[in-house]
Amino acid sequence: MFAAERRQLILEMVRANGAVSLRELARVVQTSEVTVRRDVRALEAEGLLDRRHGGAVLPGGFTRESGFPQKSHLATAEKTAIADCAAGLVEEGEAIVVGAGTTTQELARRLARVPGLTVVTNSLLVAQALAHANRVEVVMTGGTLRGSNYALVGSGAEQSLQGLRVSKAFLSGAGLTAERGLSTSNMLSASVDRALVQAAAEVVVLADHSKLGTDTMFQTVPTDVITRLVTDEAPAHDDRAAAELQALADQGVEIAVAGASGGATNAQGGSGGPGAPGVPGASGASGGEGGPGRRQRRDVPLPGPRRQVPGAAAGLRSAGSLGEQPGGTERARVADMRRR
């Protein structure tokens, strides 16, 4: 098959399905994923489709939103690793809210094993994943069913969340940037997600690396409200994801990077609360310098050379250097006189 024929077939498949994985495209056009990736890159340069990690989608910028059948086939390994990591943040007997999405659906499948858990959700997929969990209580919001992602939205969903208070909210979205935080392409979904956030003491965002640096139409969670991000490890050449992770960490968001085996590398810096359950080394909210509640800058393990936090070296002093501070010699002389 010539390249032009191959690319036309790829384009027809994406237009018919909204989103198609590279693996499926390679199978249909009977070539390697490397060749298909090259074809997708060429079609994107012509503005005919958009690349996503592991696949291709219809173009549409800020307003584009794929339906559940398309999103469920994208970045499946990454979503599984993220869900495994995020499940370790949930303790027995907690009350949490879980938003709609394919990644949160994966999380819900793992939460079925947590005893005494109460899960409030507007997602039919999350509720279905927990339907047969004997020790988990599921509370559904009201609202109008949005068929594209099987979620309840609208004023009924928002009103049912009024007066609710839980420990954590787990949310996903269409894009995440340090400048705007989490965003989505649909106004109704964004409004319900904001209501879910209002009910929680901590906000955990689940987003694979392809969403880092992507900005969509409606903001759901500002960066300064996000407690923790659980993501996967971006490829070494993905500078955009690496830069966005560092920018998020600089604003105080705790980062947990899930590996393909389900392990996690956590953000460095900041002491304070106890480590997150099941995620070694993750720290809680830090009081640190500046008083309680002030968000601290954190270093994040990124591909390539580690980025130095400006001013960090200046803030560290050895025990031997303390005597060289102004007034140090005078204090030593007075202490000596007292001993005499």
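Notes on the structure follow. Given the structure is predicted, the values throughout are model-derived calculations rather than measurements.

**Quick notes on the nonpolar core**
Grouped together as the largest cluster of nonpolar side chains are 31 residues, with contacts concentrated most on Leu176, Val205, Leu212, Val221, Leu229, Leu248 and Ile255. Of all elements in the fold, only strand 9 (166-171), helix 9 (187-198), strand 12 (200-206), helix 10 (239-250) and strand 15 (254-258) reach the threshold of two or more residues within this core. Leave out the neighbours within four places in its chain, and leucine 212 touches Leu176, Leu229, Thr231, Arg240, Ala241, Glu244, Leu245 and Leu248. Val98, Leu130, Val136 and Ala258 belong to the second-largest nonpolar core, a separate cluster that totals 26 residues.

**Side note on the sheet that holds strand 11 (residues 181-184)**
An order of 10-11-13 is seen for the 3 strands of this open sheet, with the pairing classed as antiparallel. Each end of this open sheet is capped by a strand with a single partner; those strands are strand 10 (175-177) and strand 13 (218-221). In this sheet, neighbouring strand axes are inclined to one another by 40 degrees on average, regardless of whether the strands run parallel or antiparallel. With 3 bridges joining them, strand 10 and strand 11 adopt antiparallel strand pairing. Directly across from glycine 175, in strand 11, lies its bridge partner serine 183.

**Quick look at helix 5 (residues 76-87)**
Here helix 5 spans 16 Å end to end across 12 residues, near enough to the 16 Å set by a 1.5 Å rise per residue. For helix 5, every residue scored as buried is listed here: Glu78, Lys79, Ala81, Ile82, Ala83, Cys85, Ala86 and Ala87.

**Considering the pairing of strand 15**
Of all the 5 residues making up strand 15, 5 are buried; the element is thus mostly covered by neighbouring parts of the structure. Direction of pairing for strand 14 (residues 228-232) relative to strand 15: parallel, over a ladder of 5 bridges. Bridging across to strand 15, aspartate 232 finds its partner in alanine 258. Viewed along the sheet, the connection from strand 14 through helix 10 into strand 15 turns out right-handed.

**A short note on the environment of valine 126**
Note that valine 126 resides in helix 7 (residues 124-130). When its relative accessible area of 0% is taken as the criterion, valine 126 is described as buried. For the pair valine 126 and methionine 140, spaced 14 residues apart in the sequence, the C-alpha separation amounts to 9.8 Å. The contacts of valine 126, once residues within four sequence positions are left out, are Val98, Gly99, Thr104, Gln105, Ala108, Val119 and Thr121.

**Examining the sheet that holds strand 2 (residues 50-52)**
Across the sheet, which stays open at both edges, the 3 strands sit in the order 1-3-2 with antiparallel pairing between neighbours. Because the sheet does not close on itself, it has two edges, and the strands there are strand 1 (19-21) and strand 2. When the angles between neighbouring strand axes are averaged without regard to direction, this sheet yields 25 degrees. Pairing of strand 2 with strand 3 (residues 55-57) involves 3 bridges; the strand directions are antiparallel. By the bridge assignment for strand 3, arginine 51 is matched with alanine 56.

Reading the values: the criteria
- Residues numbered from 1 in each chain as written.
- Predicted model: local features only at pLDDT ≥ 70, side-chain atom pairs only at ≥ 80, totals over all residues.
- Heavy atoms only, no water.
- Core = buried A, V, L, I, M, F, W, Y, C linked by side-chain atoms within 4.5 Å.
- Buried < 20%, exposed > 50% of the residue type's maximum accessible area, 1.4 Å probe, protein only.
- Helix = DSSP H or I, 4+ residues; strand = E, 2+ residues; numbered from the N terminus.
- Contact = heavy atoms within 4.5 Å.
- Pairing = 2+ DSSP bridges.
- Axes fitted to C-alpha atoms, helices over the stretch in contact; angles between N-to-C directions.
- Expected span 1.5 Å × (residues − 1).
- Right-handed = clockwise from strand over helix to strand, strands pointing away.

This is a description of form; function is not addressed.
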